[in-house]
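Here is what each chain is made of, one letter per residue.
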Amino acid sequence: MRSDPNGSGKTGPGPVAKATAPGPVASGGSNEAADLARARRQLLSGGSESTPGARGGHGRRLDAPALRHALVDLHEFWLTTKGAELGVKPDCGFALVAVGGLGRREMLPYSDLDLVLLHDDMDPAVVSRVADQLWYPLWDAHIKLDHSVRTIPQALQVASTDITAALGMLEARHIVGDVELSNLLISGVRRQWRTDIRNRFDELIAQTRSRWERSGEIAHRAEPDLKSGRGGLRDVQLLNALSIAQLTDGMPGLGPESPGGGLALAHRRLLDVRTELHRVAGRPRDQLRAQDADEIGAALRIGDRFDLARMLSDAARTISYSVDVGVRTAGNALPRRGLARLRRPPVRRPLDEGVVEHAGEVVLARDARPGKDPGLVMRVAAASATTGMPMSASTLNRLADHAPELREPWPKEAVNDLLVLLGSGSRAVAAIEALDRTGLWGRLLPEWGAVRDLPPRDAVHTWTVDRHLVETAAYASGFTTRVARPDLLMLGALLHDIGKGRGGDHSVVGAELAIQIGKRLGLWPSDIATLTAMVRHHLLLPQTATRRDLDDPETVERVVEALGGDGVLLELLHALAEADSLATGPGVWGDWKSSLIGELVRRCRMVMAGEDLPAPDPLDPEHVALAAGGGVHVALNPADSPHTYVVTVIAPDERGLLSKAAGVLALHSLRVYSASLGSSGDSAVNSFVVSPRFGAPPQAGLLRQELIRALAGELDLLEMLTAKEDEARESQRVAAEEERGDAVPVLYAQAPPRVIWFDTAAPGEVILELRAEDRLGLLCRLAAAFDNCGADVRWAKVTTLGSSVVDSFCLDLGDHDTRASREEVERAILGVVPLPKPKKQEGSGRE
């Protein structure tokens, strides 16, 4: 059987006229491929014979990069010599072009030889003879060959219809023959790729995502696919293709100072591992098997299989981040089609102080000064997580280059932004990954370096240790309304395994680290003690519940004693145990484990018993004196941290005052971190700790004037707040549609709201505690809901912890304190708080 001059596949063996010449290939005489195969074996075995054109020494085992270079030299030498013998020379009408590994100069020990024989519409008989004399010696020597024989128009036609073939031809490289013919193919394919990329981009990305679904993530696979997995070598080729299309720079977002050492180093490390994998397996293989990992790690002088897994995770995550940036940049660079061309260019919409949204990404405002604003990093990350929009690579690079480290202790605003980030659920994963790949997360938490890319020692774990910590925090965000201290739950979830990778009991080591981290964050000593205890005892409940007899009173007593009888700590550890199990892997959390831990917690609570009721804060004597004079007063004074202020509102205590005061603050973009609401005589005394979203706060006189207008019924605050909220969501939706972003601008909560009722000694007086997620003007809406139900707010304590609120209201229900009236109040307030997103059908993925 003869070669088809227009074919694209392999042709089987058959009779062929072979050209012969005296002498071995090494001396430049014989061109039989048996010499090529023998030289390949010598390179792989470290044999004593050397080959002209190939780097290497006598009897020396080449390292992975040197071996690849030697294989490239060897194959080029044989092909150029063979081509010259067959008359494949300049101006002959033939050219031999390499694609695949040889085209990229990344020849691996058992890679296929991918070749294209180009001809200038030559006589089919001549083409067939030349092709046969090129291919058959290689087949006879059992060298794997992927080949095609084409004219330039035929090759361009294939590239225009087959995206896989097009990606291969983008890597084409001239080997021997008519260089002008090769250049026509290479320039033609690249020009065609740039011209057609707008129409082929969606197919390219769909094909890439399908490949990721089949092969999984290299960083979190026990036996990863180094070629096709997410973060693998195919992704580097994708970036190169986007760069050739002039949509990206090919190396986006990372430099040599970032974790992983940048894209080039990550690429080289994957190539080295795959090279050794071929050498160890003795055949082509893309999937790294567990039994080969120790040998490969030793050959590369990395260490054991755990050290190899850590290096692979680092490299793969670096490549994954680069691909995310590259695909997003390429999508935004594509010309708009259809009606999108008629729309106005994207505008810059403010998100926070110094942070705006532009073209579906979170970027710095034009007047932002990252070198003088240490909290800017956390504000950018929090804005990204809450909106679902990615941080632009240029913004992260600018922050990495110029943002100073946060002073210790952290400002309260930075801690709050950290809590907002952690409370954003699964959206926090991508934001933290982006911070980590660009070196910013390690600046915020230097302790993170020990767990970054650390592989788990237990096969039941799905993720690396650092990713497990972030996943635990994401799950814990769904449990924030179960606990009285959602802020400590989020921080404990993030830090519970921070002691791993350092030797010793990770719970004990982690507890010590939690102390220094808590001090850096500026937590109160009592909160540091609770956080430390969470890390120290995060395994106490699951281990006790599954390994001890719960009917033995000593079992419960030991747990209560270990926790110091602290009911809040018990509550936090219960939620953390579930989040930790869910983030470990499938099947780790189930009905059996849940029921055992739940029963242990119930018995511990019975032993601990009794909790203090929420109580109002005492009033400032100056405010009491001012209230005695009557009238409407609004004061705005700096608080104890920058960008934070205390707004005090003193006015006649009438129905609707709280709602209107909170609404005026929200309309002026003042975020309420906490509030203490009380009364003195006939006046209400309400104090709010706030910070402006952008710039400086409004003048106190303006707030007073707006409040008086609202009290007079001239402002419909609820309607204005709803319009402002709808406008922000619509802006995000339009940006997501136009710029191919992933933002999902909906008002959904990570955790379901929870209402807790407490009875007091006074008739008709009850205390309602609300645990929910925050939204624009929530306090205004809650107060209005109470008014509509006829419930009078006697005092209140309002606390915002990241994206969660824990609000206590003392309500006077009078003679209407019945079960029905409480249910009415509960329905009213649940109607204004964010609710969880409806669950997808089973199998659709985690919410």
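Keep in mind the model is a prediction, meaning the values are calculated, not measured. (Residues numbered from 1 in each chain as written. Predicted model: local features only at pLDDT ≥ 70, side-chain atom pairs only at ≥ 80, totals over all residues. Heavy atoms only, no water.)

1. Some details on the pairing of strand β7 (residues 361-364)
The test is simple: The classification of residues rests on relative accessible area computed with a 1.4 Å probe and restricted to protein chains. Under 20% of the type maximum is buried, over 50% is exposed, and intermediate values are partly exposed. Strands here mean DSSP runs of E at least two residues long; helices mean DSSP runs of H or I at least four residues long; both are numbered from the N terminus. Any two strands are treated as partners once DSSP identifies two or more bridges connecting them.
Residues Glu361 and Val363 point to one face of β7 and Val362 and Leu364 to the other, with burial holding for every one of them. Once strand β6 (residues 355-358) ends, the chain turns through 2 residues before running back antiparallel as β7, passing Ala359 with a positive phi of about 55 degrees.

2. Focus on the sheet that holds strand β16 (residues 804-812)
Our working rule: Working convention: axes come from line fits to C-alpha atoms, limited for helices to the stretch in contact. Angles between N-to-C directions cover 0 to 180 degrees.
An order of β8-β9-β11-β10-β15-β16-β14-β13 is seen for the 8 strands of this open sheet, with the pairing classed as antiparallel. Single-partner strands in this sheet number two, and they are β8 (633-638) and β13 (754-759). Across the sheet, the mean angle from the axis of one strand to that of its neighbour is 15 degrees, orientation sign disregarded. Where strand β14 (residues 765-773) meets β16, 9 bridges bridge the pair, whose relative direction is antiparallel. When the bridges of β16 are listed, Glu769 appears paired with Ser808.

3. What to know about the packing of aromatic side chains
This is how it is decided: Planes of paired rings set the category: under 30 degrees apart is stacked, over 60 is edge-to-face and the rest tilted, where pairs are Phe, Tyr or Trp rings (Trp by its six-membered ring) whose centres lie within 6.5 Å. Only when the NZ atom of a Lys or the CZ atom of an Arg is both within 6 Å of the ring centre and within 35 degrees of the ring normal do we say a charge sits over the ring.
Counted by the stated rule, this structure contains 3 aromatic pairs. Here Tyr136 and Trp139 contribute two aromatic rings whose centre-to-centre distance is 5.0 Å and whose plane-to-plane angle is 80 degrees, an arrangement assigned as edge-to-face. With Tyr136 and Trp139 both in helix α4 (residues 124-140) and 3 residues apart, this pair spans about one turn of that helix. Each member of the pair, Tyr136 together with Trp139, is buried. Judged by centre distance (4.9 Å) and plane angle (65 degrees), the rings of Phe786 and Phe809 are edge-to-face. Taken together, the positions of Phe786 in helix α29 (residues 778-788) and Phe809 in strand β16 put the pair 23 residues apart, joining distant regions of the chain. On the accessibility criterion, Phe786 (1% relative accessible area) is buried. The ring of Trp212 carries Arg230 above its face, with NZ or CZ at 4.0 Å from the centroid. The ring of Phe479 is capped by Arg482, whose NZ or CZ atom sits 4.1 Å from the centre of that ring.

4. Examining the packing of helix α23 (residues 567-584) against helix α24 (residues 591-608)
The condition is simple: Note on terminology: angles under 35 degrees are roughly parallel, angles over 145 are roughly antiparallel, angles of 65 to 115 are roughly perpendicular, and the others are oblique. By definition in these notes, contact holds between two residues if any of their heavy atoms fall within 4.5 Å. Each residue is assigned to one class: nonpolar for Ala, Val, Leu, Ile, Met, Phe, Trp, Tyr, Cys and Pro, charged for Asp, Glu, Lys and Arg, and polar for all the others, Gly among them.
Where α23 meets α24, the axes come as close as 10 Å, and the angle between the chain directions of the two elements is 175 degrees. One finds that α23 runs roughly antiparallel with respect to α24. Here Gly567, Leu570, Glu571, His574, Ala577 and Ser581 of α23 lie close against α24, whose contacting residues are Lys593, Ile597, Gly598, Val601, Cys604, Arg605 and Met608. Split by residue class, the contact of α23 with α24 holds 6 nonpolar, 4 polar and 3 charged.

5. As for the pattern of salt bridges
Put simply, the test is: Whenever a carboxyl oxygen of Asp or Glu lies within 4 Å of a side-chain nitrogen of Lys or Arg, that contact is scored as a salt bridge.
Counting across every chain of the model gives 50 salt bridges. Taken together, the shared-partner salt bridges connect Arg269, Asp314, Arg317, Glu433, Asp436, Arg437, Arg452, Asp453 and Asp466 into one network.

6. Brief notes about helix α26 (residues 657-667)
Of all 11 residues that make up α26, 9 are buried, and the element is covered over most of its length. Buried within α26 are the following residues: Leu657, Leu658, Ser659, Ala661, Ala662, Gly663, Val664, Leu665 and Ala666. Looking one or two residues past α26, Ser669 carries a phi angle of roughly 60 degrees, positive in sign.

7. Brief notes about the confidence of the model for the chain
Rules: Confidence of the predictor at the level of single residues is given by pLDDT, which spans 0 to 100.
The predicted model of the chain averages 88 in pLDDT, with 89% of residues at 70 or higher. Between residues 1-31, whose pLDDT stays under 50, and residues either more than four places distant or in other chains, the model counts 78 contacts. Note on residues 48-58: pLDDT is under 50 here. Beyond four places in sequence and across chains, it has 23 contacts.

8. With respect to helix α25 (residues 621-628)
To keep things clear, this is the line we draw: Nitrogen and oxygen atoms within 3.5 Å of one another constitute a polar contact, given that in protein one can donate a hydrogen and the other can accept it, and given that sequence-neighbouring residues count only through two side-chain atoms.
Where α25 begins, one side-chain oxygen reaches toward the backbone nitrogen of Glu622, 2.9 Å away; that side chain belongs to Asp620. Two residues or fewer past α25, Gly630 is found with a positive phi of approximately 75 degrees.

9. Section: a negative patch on the surface
We apply this condition: Each patch is built from residues that are more than 30% exposed by relative accessible area and take part in no salt bridge. Like charges join if they lie within 9 Å; nonpolar side chains (Val, Leu, Ile, Met, Phe, Trp, Tyr) join within 5 Å. For accessible areas, the Shrake-Rupley method is used with a probe of radius 1.4 Å. Any residue's cover is judged against the shown protein chains and nothing else. Charged-residue counts in this description rest on Lys and Arg as positive and Asp and Glu as negative, His and the chain ends being excluded. By convention, the point assigned to a charge is CZ for Arg, NZ for Lys, CD for Glu and CG for Asp.
On the surface, Asp653, Glu654, Asp682 and Asp792 cluster together into a patch of negative charge. You can see Asp653 is positioned in the loop between β9 (645-652) and α26.

10. Remarks on the nonpolar core
As a reminder, the rule being used: To form a nonpolar core, buried Ala, Val, Leu, Ile, Met, Phe, Trp, Tyr and Cys residues must be joined to one another through side-chain atoms within 4.5 Å.
Counting 89 residues, the largest nonpolar core has Met391, Trp410, Leu418, Leu421, Trp441 and Trp448 as the members making the most contacts within it. In contact with Trp410, other than residues within four places in its own chain, are Met378, Val415, Leu418, Leu444, Arg520, Leu521 and Gly522.

11. Quick notes on the side chain of Thr480
Assignment of secondary structure puts Thr480 in the loop between α17 (465-476) and α18 (486-495). On the accessibility criterion, Thr480 (4% relative accessible area) is buried. Within the structure, Thr480 has its side chain in polar contact with the backbone oxygen of Ser477 (distance 3.4 Å). The residues contacting Thr480, other than those within four sequence positions of it, are Pro486, Leu489, Met490, Ala751 and Ser804.

12. Looking at the sheet that holds strand β1 (residues 94-99)
The sheet built from 4 strands is open, its strands ordered β3-β2-β1-β4 with mixed pairing. Strands with a single pairing partner mark the edges of an open sheet, and in this sheet they are β3 (145-150) and β4 (173-177). In this sheet, neighbouring strand axes are inclined to one another by 25 degrees on average, regardless of whether the strands run parallel or antiparallel. Note that strand β2 (residues 113-119) and β3 share 6 bridges and pair parallel. Bridge assignment links Leu118 to a residue of β3, and that residue is Arg150.

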